Amino acid sequence: MTIDEKTNQRYDFQTVEKKWQQRWIESGLFEAEESPDPDKSFYMLEMFAYPSGDIHMGHFRNYIIGDAVTRYQMMLGKTVLHPFGWDAFGLPAERAAIARNIHPQDWTLSNIAVSRKTLQKVGISYDWSREIVTSEPDYYKFTQWIFLRMFEKGLAYRKRGFVNWCPEDKTVLANEQVVQGKCERCGTLVEKKDQVQWYFKITDYADRLTDDLDKLPDWPENVKTMQREWIGRSYGAEIDFTVEETGEKLPVFTTRPDTIFGVTFMAVAPESELLDSLNLDGEFAAKVAEYRRKALARSDIERASVTEEKDGVFTGKYAINPFNGEKVQLWVADYVLAGYGTGAVMAVPGHDTRDFAFARKYHIPIKVVIHPDKDTKLDAKEMTDAYTEYGVMVNSAEFDGLVGKDAIRKVTDHAEAKQFGRHKVNFKLKDWSLSRQRYWGCPIPIIHCQKCGEVPVADENLPVELPKVTNFQPKGRSPLADVPEYMNVACPKCGGDARRDPDTMDTFVCSSWYYLRYIDPHNENALMEKPKGKSWLPVDLYVGGITHATGHLLYFRFFHKFLHDIGLLDSLEPATKLFNHGMVCDGKGEVMSKSKGNVVSPIELIDQRGVDISRLGMFFTAPSEREVIWSEDTLTGVEKFVYNKIVALIEGYRSSAVDLKRYFKHADLSDDDWALYVKLNQTIKKVTESVERLQFNTAIAALMELTRDYSPDKTADDGLNDQVIVKTIQMLAPLAPHLSEELWEKCGFEFSVLHSDWPQFDPDAIVTDLINVAVQINGKLRHTVQVVADADQELVEAAAFESPKIQQYVADKTIVKKIYVPGRIFNIVVR
C-alpha cells in the first residue's frame, strides 16, 4: 500500500484502532445490562466458533456482519446483547490433539486464546464478560442438567439398534452428520453397526418442528424447505399384513393405500428384527444372512439412490394381504431402510417405479389396479414402467371406480373399521443418536446398576466432570471405560457397586442451548433466570451458514421447545430472524476451510491495511448472502474512498454546534445546496434500508456517491455543510467503527458515536428525477431497476444485484463482463 505522507499524518490507522479498542474496553461500551426492557432490547448472535485454529476470512465476514448490526441497533437506542463463546468439545479438537500428541483440553484452550486475541484485535463489539466455553464444567453442568430433564420426561432413552458408524473416527454419527453416505468430518464411508446407544426423542416434536416453521417469516425459505424435507412429514395409512406361518403382524406404512390390491410381494429392510424371527429354512437362511452382511456395508444414500439397480433375496416365506387374503412373497431388499416407516414396505410393481424394476428383475407378478381414467386401460404385459399417478381403482373389489384422495380415504376407513389398519402420519426424521464413543465430550450423567438399572446423577452432584486422562485414543468403545477411578461408583439408589455411563455426548448437544447461557453466564445454580430470558429472548437476529440447516438449526429449535414445555422459556422459537451469510472462497473458488488448508487469516491484512479498510473491503465485495471470492484487489477502491474522501471530511468541518435534527427548506438554500441536501437525505434513506437488509455493499456505494458530490468549497450553508460531514460519519459508524469514532471526536462530540441517534431522512427532500435502467443477462432483458438520473455504474450495479430476479440468473454462474450504457442499459455477461 502506498499513501502519501500527508494522508499518513492525517490517519494513522494502527494508532487510531488501538486507541478506540482500548476506550471501548475501559468504558464497558458493549457490556449489556442484565434485564433491560424487552421492547428496547436487541439480541444479536452469530454462531459461535469451533476452536480448531485461528479465525479466517470466512469467520471474519460472519462476525463483522453481526458487529455492524450491533452498532446500528445501539444508534437506534436499543440495549444490545452481543456475546461470544466457543463450541469447544468434539472430534476435530480430539483428532488434532492426537496428531500433535497433546491433550485435547490444552489444544482447545490454546486455540481459544489465539482466536480471542484475533477477535479483540478486529474490534468486534462482543460483550466478553459473557464469554462461554462449552468444555468447561460450569457450562456442561447445565448440558447434563438438560439431559436429566429429558431423561425424566422419557425423551432421553437408551436402546440397541443399527447406527451410523465411522470406522476412521471409531464413533457413532447422527443421521444429520452423514453426508452422501460419508462422515461429514473425515469423509470416510459410513457403516452400519448394531449397538446400544443413547437417543433424544426428537420425533415427539416432529409435528411442532414442522408446523412452527410457518411462524418464522424472517427465516430463509430454503432453510425452512430443507427442514420440512428432512423431517419429512407424510400422510397415509398403516396396514397390518401378517406372516403366513406365524400370524405375526407385519405393519407397513403407505401413502398410496388405493393400490393395496396390487401388492404382489413385500420387502423388508436388512436391519429388520423380523428376519430373526422368521425361522428361515437352511438354504434361504444362508442367502439372507450373506445378503444382510453385504447390505449393511452400504450407506443409506447408496441404498436409497434412484439410479442404483435394486436387488434382494427371497426369504422363502409369505405374508397375507388383509384386504383380499392373498399370499404374497416376502423378500429382503436393501432399498428398504429401517429408519423410514416400519422398515417393511408393501410392493406394488404396477404403480411404483422401484417395485416395477425389482419385479421385472426377479419375475414377480405385476398387477394393474389403477387406470388413468375410465376410458384408458393398462395391460401389465405391455407396461415398460409403473403408472404412478392417481387414477381410477380397478380390480379392487368393492372399491372399483373410486378416484384419488377419495379412494385413499375410503380404503383407509375400511381398514380402520376392520381393525387391520389405521390413518397414519409418518416422518422421515428419526430420533437423535447422541452418545459418542470418544473422550473429548460432555459426560453422560447416568449410572448403571445391575439392580436398579439406569440411575440419574442427582442435580446437586452435577457436573459429572470429565477426568483428565493421558490415554484418550479411540478404541471403538469409549476410552473412559478404561478409567476405573471414573467408572466405578456406588449406586445412588441402593448403594451397591455400579458404573458410570462411559460414553460422551454429541457436541451438537452442547451447541443446542448455548445462546441461553449468554443471558446468565455466571449463574452457578441455574441455567438461566427466567426473568432475564424474558428481557432478551427470542434472539432478534441469528447469523450463520446454511450448512447447519438440518443439524444445529433443527436441534436448537427442539431444545428451545422442550425448555419452553418445562416452564423455563416463554417463547416458542429461539430466533426471530435467521440470516445465512455467503461463504468466502479462495482464488480458485474453493470455500475456505481449515480442513482444506486454504484459509487466509485477517491478521496480516489488518496489520497492513487496518481493520476498517478490511471490513469495508469485505462488505463492498458482494451482498452479504452471496459467495465471495476473496482478493486483496477488492481493497483498492475502498482505500481510495477512505483516504481521499472520508479522512478528508474533517478538514471541511466548520462548527461544533451543528443542529443534526434540523430539516432545511428549499427556500433556505441555494439550488446547489438544495441538491446536496436532497442527496444527503437520499443517502440516509438508502443506507438505512441497506443496513436493515444487511446489504452493506449498497450502503457503501451510496456513501461513495454522496462524498463524490460533496465539496466544502461549493457548500455555502454552514449548517448543511456540517450536517453532511457529521451524518456521513454516523452512517459510516457500523461499517468503519474506529475511523468513525476518531472523526466524531475531532468534530467535538462526546464519546461515543454509538450513543448518538441514527440519522433520519427528511421525507420532503428525497424526491428527485428517477429513471429506469434495463438489466440484461447475455443481452436478454431480465429486469429493470429504478435509480436516480445521475446514478453511476456502481449504484446501478448494486441495485441490479440486489434484485432476487437477477440473483437467480447469476447464481452458480461466472460473471465475465459488466457493460453499462449510462441511463439506459446494464448488461451482465455470464457463462
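Since we're looking at a predicted model, the values are computed, not measured. (Residues numbered from 1 in each chain as written. Predicted model: local features only at pLDDT ≥ 70, side-chain atom pairs only at ≥ 80, totals over all residues. Heavy atoms only, no water.)

## Structural notes on the overall build of the chain
- In terms of regular secondary structure, the chain is built from 26 helices and 33 strands.
- Judged by the C-alpha coordinates and their principal axes, the chain covers about 100 × 75 × 45 Å.
- Scored against the burial criterion, the 831 residues of the chain give a buried share of 55%.
- Taking as baseline every contact in the chain between residues at least 6 positions apart, the subset at least 24 positions apart corresponds to 72%.
- A total accessible area of about 35,200 Å² is found for the chain, and carbon and sulfur atoms account for 48% of it.
- Treating the 102 positive side-chain charges of the chain as one cloud and the 123 negative ones as another, the clouds have centres 3 Å apart. (Helix = DSSP H or I, 4+ residues; strand = E, 2+ residues; numbered from the N terminus. Buried < 20%, exposed > 50% of the residue type's maximum accessible area, 1.4 Å probe, protein only. Contact = heavy atoms within 4.5 Å. Areas by Shrake-Rupley, 256 points an atom, 1.4 Å probe, with all protein chains shown as cover. Lys, Arg positive; Asp, Glu negative; His and termini not counted. Charge placed at Lys NZ, Arg CZ, Asp CG, Glu CD.)

## Details of the sheet that holds strand β19 (residues 432–433)
- Pairing is antiparallel across the open sheet formed by four strands, whose spatial order is β6-β5-β9-β19. Each edge of the sheet is formed by a strand with only one pairing partner; in this case those strands are β6 (171–173) and β19.
- Pairing geometry for strand β9 (residues 191–200) and β19, over two bridges, is antiparallel. Note on β19: the bridge partner recorded for F200 is W432. (Pairing = 2+ DSSP bridges.)

## Structural notes on the packing of helix α21 (residues 671–692) against helix α22 (residues 696–709)
- Across the interface, α21 lies against α22 with an axial gap of 8 Å and an inter-helix angle of 170°. With respect to their mutual orientation, α21 and α22 come out roughly antiparallel. Note on packing geometry: the crossing formed by α21 with α22 is left-handed. Mapping the contact onto sequence places L676, K679, L680, T683, K686, V687, S690 and V691 in α21 and F696, T698, A699, A702, L703, E705, L706 and D709 in α22.
- In terms of residue class, the contact of α21 with α22 is built from nine nonpolar, three polar and four charged. (Axes fitted to C-alpha atoms, helices over the stretch in contact; angles between N-to-C directions. Parallel < 35°, antiparallel > 145°, perpendicular 65-115°, else oblique. Left-handed = near helix turned anticlockwise from the far one by under 90°. Nonpolar A, V, L, I, M, F, W, Y, C, P; charged D, E, K, R; others polar.)

## Side note on the environment of T550
- Checked against the element boundaries, T550 lands in the loop between β26 (539–544) and α17 (552–565).
- Exposure remark for T550: the relative accessible area of 16% places this residue in the buried category.
- Taking C-alpha positions, T550 is 41 Å from F761, a pair spaced 211 residues apart along the chain.

## Looking at the packing of aromatic side chains
- The full count for this structure, using the stated rule, is 48 aromatic pairs.
- Centre to centre, the rings of Y63 and F84 are 5.1 Å apart; their planes meet at 80°, and the pair counts as edge-to-face. In this pair, Y63 sits in helix α3 (residues 57–75) while F84 sits in the loop between β2 (79–81) and β3 (85–86), placing the two residues 21 residues apart along the sequence. Like F84, Y63 is buried. (Phe/Tyr/Trp six-rings, centres within 6.5 Å; stacked < 30°, edge-to-face > 60°.)

## A short note on the confidence of the model for the chain
- Per-residue pLDDT for the chain has a mean of 91; in total, 96% of the residues score no lower than 70.
- Contacts of residues 1–9 to residues separated by more than four positions or lying in other chains number eight contacts, the stretch itself having pLDDT below 50. (pLDDT = per-residue confidence, 0-100.)

## Some thoughts on α21
- With 22 residues, α21 extends 32 Å from end C-alpha to end C-alpha; this agrees with the ideal 32 Å at 1.5 Å per step.
- Backbone geometry just downstream of α21 places L694 in the positive-phi region, at approximately 60°. (Expected span 1.5 Å × (residues − 1).)

## Describing empty space enclosed by the protein
- This structure, assessed with the given rule, holds three cavities of 30 Å³ or more.
- What lines the largest cavity is a set of 17 residues, among which G90, L91, R436, D506 and T507 lie closest to the centre.
- Of all the secondary structure elements, the ones that give two or more residues to the lining of the largest cavity are α4 (91–100), β6, β25 (504–505) and α14 (507–510).
- When its residues are assigned to classes, the lining of the largest cavity shows six nonpolar, six polar and five charged.
- Quantified by volume, the second largest cavity comes out at close to 40 Å³.
- In this structure, the second largest cavity is lined by R61, I64, I65, M618, F619, A622 and S624.
- Mapped onto the lining of the second largest cavity, the elements with two or more residues apiece are α3 and α19 (611–621).
- For the lining of the second largest cavity, a count of residues per class yields five nonpolar, one polar and one charged. (1 Å grid on protein atoms, 1.4 Å probe; cavity = no way out; pocket = protein on both sides within 12 Å on 5 of 7 lines; lining within 4 Å. Points joined across faces, edges and corners; volume = space filled by probe spheres on them.)

## Some words on the nonpolar core
- Core analysis: the largest hydrophobic core is formed by 93 residues, its most contacted members being W630 and F696.
- The biggest single contributor to this core is α3, with ten residues.
- Discounting residues that sit within four places of it in the chain, W630 has contacts with M57, V584, C585, M592, L605, G617, M618, T621 and L635.
- Counting 88 residues, the second largest nonpolar core, distinct from the first, contains Y140, F151, F200 and V464. (Core = buried A, V, L, I, M, F, W, Y, C linked by side-chain atoms within 4.5 Å.)

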